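Commentary on secondary and tertiary structure
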Amino acid sequence: MTALLHTALRSAWNRRFALSLTLLSIALATALLLGVQRVRHDVRDNFVQSVSGTDLVVGARGGSVPLMLYAVFRLGDATADIRWQSAQWLAQHPAVAWTLPLAMGDSYRGFPVLGTTTDYFTHYRYGDAQSLRLQDGRAFGGTTDTLFEAVLGAEVAERLDHRTGDRLTLTHGSAGLEGAEHADKPFTVVGVLARTGTAVDRTVHISLQGIEAIHVDWAGGMPMPGMSIPPELVRKFDLTPKRVTAVLVGLKSRAQVFAMQRAVAGYADEPLMGVMPGVALDELWQVVSVGERVMLLVSALVVAVGLVGLVATILAGLDARRRELAVLRAVGARPLHILLLLALEGLLVTVAGVLLGGALLALLSAGLGPWVEAQYGVALRSVAFNADELGLLAAIIMAGTLASLVPAARAYRLSLADGLSQRF
Amino acid sequence: MTPAPAEPTPVVALHDLHYRWPGQAGAGLRVPTLTLVAGEHLFLHGPSGSGKSTLLGLVAGVLRAEAGSVRVLGQALEKLGGAARDRLRGEHMGIVFQQFNLLPYLSVIDNVLLPCRFSARRRARVLQAGSLHSEATRLLGRLGLPEDRWQKAATALSVGEQQRVAAARALIGRPELLIADEPTSALDAERQQAFIDLLLQEADEAGATVLFVSHDMRLAARFARVASLTELSGVAA
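Basis of the calculations
Residues numbered from 1 in each chain as written. Chains lettered and ligands numbered in written order. Predicted model: local features only at pLDDT ≥ 70, side-chain atom pairs only at ≥ 80, totals over all residues. Helix = DSSP H or I, 4+ residues; strand = E, 2+ residues; numbered from the N terminus. Rg over C-alpha atoms; globule rule 2.2 N^0.38 Å. Buried ≥ 20, exposed ≤ 12 C-beta atoms within 10 Å, placed from the backbone. Contact = placed C-beta atoms within 7 Å. Axes fitted to C-alpha atoms, helices over the stretch in contact; angles between N-to-C directions. Parallel < 35°, antiparallel > 145°, perpendicular 65-115°, else oblique. Nonpolar A, V, L, I, M, F, W, Y, C, P; charged D, E, K, R; others polar. Pairing = 2+ DSSP bridges. Left-handed = near helix turned anticlockwise from the far one by under 90°. Domains from an automatic or database assignment. Core = buried A, V, L, I, M, F, W, Y, C linked by C-beta atoms within 7 Å. pLDDT = per-residue confidence, 0-100.

Things to note about the overall build of chain A
Along the backbone of chain A there are 13 helices and 17 strands. A compact globule built from 424 residues would reach a C-alpha radius of gyration of about 22 Å, whereas chain A, at 30 Å, exceeds it by more than 25%. C-alpha extents for chain A along the principal axes are approximately 100 × 45 × 35 Å. Scored against the burial criterion, the 424 residues of chain A give a buried share of 44%. A fraction of 80% describes how many contacts in chain A between residues 6 or more apart in sequence connect residues 24 or more apart.

This is the structure we're talking about:
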């Protein structure tokens, strides 16, 4: 067997130029398949990580998936909001332990701005029930004196190179339109949160009153013409929030979640909806799983194409190697040895391709990870291969070995038919 | 024509051999009888297409006769399975082809040592006398291949040099039977004789019986025994 392995290695090395292209295509296909699998896994992980300890997400009646997307993952724009009175009602409900009202819609250089209360820093949980931690500074004050204070997520601070004391000008809406800036009311960074690996990292946090304050002289998404209220004067206005986008609700007892959900749905003053994060996530996965399956299928096909290339390359080289087979037969190689030799060659190329593909993926996730996180809020942080991925790698190697049996079987038949005659 | 001698086990003994080429009409190859005793050098002459290579294939055990018997070192090949015939060939026979004897991706030394990778017996025989490498270089030296060629890739050698390497490979581990199929036809005339001299000398040294086939009668001079396949078989070529 070692003799065969040695011979197979030398033989493959001799035809390294033809084989290296095949190897490369297998490597790329492997990286693609694994990459699709990994992104899928990491996205799910990220989403699951983002909500911990929240029993219900309450918002205007509509789709539960969009509500989750903007309330928890801060993706997309909120299409409807709820009245402040509804949020108040929730906060005072006897089953409710805490509420976090969230007001969204503004942005800062592409990052979402979230208006909330100071409770956010005590009640918000992510990952394995971890609470938020400030890596620098303090939380915003949440009083009228501290209206224009902002706390940055770790990614915002790092990307935009902001630290406490820096001043920010927020933009109305998420698109960053010219002339839609709240330039007259700049905010001051008072704190930076430690990294969480969730949407919090990409968020600029301000108080609900702050949100109110920058919009007092706005109407219908535009600054009111001829009306401009300077920051000093804005404090004289009633800055009680009028509307919020969603409310995260923590219950005193998880057992009450269904009862609370019904209570929310039956709220008389406004059509509301309470969504359990886990259920909404399942719904979300159902929506995306069709796309995921198509992606997986396409990448599996790419792997198949790579392996067909391998078979074609080895088969094409086989006719030129019939003398070689005769020589091996002459020195005592059995047709079975010839079969193994060819199969080993295919196996070697596949294994090398799979290893290269794995390395390529590791490099890519290390290189593109930060960019993907900044752009899409998905932290690609898997370094080691998990069991599923190792299973996929093994499956590719298995498929490669099976595919290599095609040229191997042909070599076997050729070596039986040719014997010692050096036909060419 | 030599009648079957009543000696100890002959190295090769063919009896009433009949082989038909697959998919071809006609009588095929017939060899009523042919025997090689230990140490014998037989020059088997036959024109192209007379079945020389087929006969070698039958003796080497890669082809199976339709009828009759092929005995090598006392073993009836027709009674052996494919694996056993392959083992017999690997352990007891050295084969030199007309050309393209070497695996292009192995060094000269590795080509010479190839039989030792497939045959434990030949490997053991070499190791009795010394190391694999020293035996390979000894044979290459005896066959006159310059030392600067030993570590080269097989493809870097001239045809004549390649044939010497092939001879060294056929002889390593002292197989009992050396089969040579027109090994000099790719060489120029003045080198042919020198090659045959070296080959026979080393075969004697190794105690190998030689079965040498060629269409070129001029090469027969150094052989103790010369036979014509056409006469042996009586087949219309």
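Some points on the overall build of chain B
Check the secondary structure of chain B and you find 9 helices and 9 strands. Its C-alpha atoms give chain B a radius of gyration of 17 Å, near enough to 18 Å, the size a compact globule of 237 residues would have.

Focus: the interface of chain B and chain A
As a measure of interface size, the accessible area lost when the parts come together is often cited. The interface of chain B with chain A comprises 25 residues on the first partner and 18 residues on the second. At the level of secondary structure, the elements contributing two or more residues to the side of chain B that touches chain A comprise α1 (52–60), α2 (82–92) and α4 (114–118) of chain B. The greatest single-element share of the side of chain B that touches chain A, amounting to 6 residues, is contributed by α2(B).

A closer look at the packing of helix α3 (residues 64–71) of chain A against helix α10 (residues 277–318) of chain A
All names here are of chain A. The contact between α3 and α10 brings their axes to 9 Å, and the two run at 105 degrees. Between α3 and α10, the interaxial angle falls into the category roughly perpendicular. Residue-level inspection shows S64, V65 and M68 of α3 in contact with α10, the latter providing P277, A280, E283, L284 and V287. Taken together, the residues that form the contact of α3 with α10 break down as 6 nonpolar, 1 polar and 1 charged.

Comments concerning the sheet that holds strand β4 (residues 67–72) of chain B
Residue and element names in this part refer to chain B. With antiparallel pairing, the 4 strands of this open sheet are ordered in space as β2-β1-β4-β5. In the strand order of this sheet, the two ends are held by β2 (29–36) and β5 (75–76), each with one partner. Pairing analysis gives 5 bridges linking strand β1 (residues 12–19) to β4, with the strands arranged antiparallel. Within β4, the residue paired with H15 across the bridge is S69. Here α1 sits on the sheet in contact with β1, β2 and β4, set at roughly 120 degrees to β1.

Some details on the packing of helix α11 (residues 322–330) of chain A against helix α13 (residues 387–418) of chain A
Residues and elements named next belong to chain A. At their nearest, the axes of α11 and α13 sit 10 Å apart, and the two run at 65 degrees to each other. With respect to α13, the element α11 is oriented roughly perpendicular. The interaxial crossing formed by α11 with α13 has right-handed handedness. Where α11 approaches α13, its residues R322, L325, A326 and R329 are matched on the opposing element by A411, L414, S415 and D418. Tallied by class, the residues present in the contact of α11 with α13 amount to 4 nonpolar, 1 polar and 3 charged.

Re the environment of A:A103
Residue and element names in this part refer to chain A. The topology assignment puts A103 in strand β3 (residues 96–108). The exposure class of A103 is buried, given the 26 C-beta atoms found within 10 Å. Not counting residues within four places of it along the chain, the set of residues in contact with A103 comprises G115, L208, I211, P241, V244 and T245.

Observations concerning the sheet that holds strand β6 (residues 93–96) of chain B
The strands that make up a sheet are held in pairs by hydrogen bonds between backbone atoms, and each pair lies either parallel or antiparallel. All names here are of chain B. Taken in spatial order, the 5 strands line up as β6-β7-β8-β3-β9 in an open sheet, and their pairing is parallel. Two strands close off the open sheet at either side, each with one partner strand: β6 and β9 (225–228). Averaged over all pairs of adjacent strands, the angle between their axes in this sheet comes to 15 degrees, without regard to strand direction. Summarising the sheet, strand β7 (residues 177–181) and strand β8 (residues 209–214) pair through 5 bridges and their orientation is parallel. Across the sheet, residue I179 finds its bridge partner in β8, namely L211. This element, helix α7 (residues 159–171), spans β6 and β7 of the sheet and lies at about 170 degrees to β6.

Here's the deal with the domain arrangement of chain A
What the domain assignment reports for chain A is domain 1 (2–47 + 285–418) and domain 2 (56–275). The C-alpha-based centres of domain 1 of chain A and domain 2 of chain A are spaced at 49 Å.

Structural notes on the pairing of strand β1 (residues 56–60) of chain A
Within a regular beta strand, the side chains point alternately toward one face of the sheet and then the other, so they alternate between its two faces. Residue and element names in this part refer to chain A. Most of β1 sits inside the fold, with 4 of its 5 residues counted as buried. Direction of pairing for β1 relative to strand β16 (residues 246–251): antiparallel, over a ladder of 4 bridges. By the bridge assignment, V57 is partnered in β16 with L248. Across 4 bridges, β1 lies against strand β17 (residues 272–275) in antiparallel orientation. Bridged to V58 within β17 is G274.

Comments concerning α1(B)
Residues and elements named next belong to chain B. The buried fraction of α1 is high, at 8 of 9 residues. Among the residues of α1, those classed as buried are K52, S53, L55, L56, G57, L58, V59 and A60. A positive phi of about 85 degrees marks G61, the residue just after α1.

What about the nonpolar core?
Formed by 112 residues in total, the largest nonpolar core has its most connected members in B:V59, B:A168, B:I179 and B:L211. The element best represented in this core is helix α12 (residues 335–376) of chain A, accounting for 12 residues. Leave out the neighbours within four places in its chain, and B:L211 touches B:V12, B:L36, B:L42, B:L44, B:V59, B:L177 and B:I179. Among the nonpolar cores identified, the runner-up in size contains 66 residues, and A:M68, A:A87, A:L90 and A:F187 belong to it.

What to know about the confidence of the model for chain B
All names here are of chain B. Of all residues in chain B, 95% attain a pLDDT of 70 or more, and the chain-wide mean is 85. Summarising per-element confidence for chain B, the mean pLDDT is lowest in helix α9 (residues 229–233) (79) and highest in β8 (92). Across the assembled chains, the prediction reports ipTM 0.86 with pTM 0.72.

Considering the pairing of β1(B)
Sheet topology places β1(B) next to β2(B); 7 bridges connect them, and they run antiparallel. The residue of β2(B) that forms the bridge with B:Y19 is B:L29.

Considerations on unusual backbone geometry
A negative phi holds for most residues other than glycine; trans holds for most peptide bonds. Residues and elements named next belong to chain B. Notably, L73 is not glycine yet its phi reads approximately 50 degrees, a positive angle. A count of 17 C-beta atoms within 10 Å places L73 in the partly exposed class. If you check the backbone angles, E182 has positive phi at about 50 degrees while not being a glycine. Counting through the fold element by element, E182 comes out in the loop between β7 and α8 (189–206).

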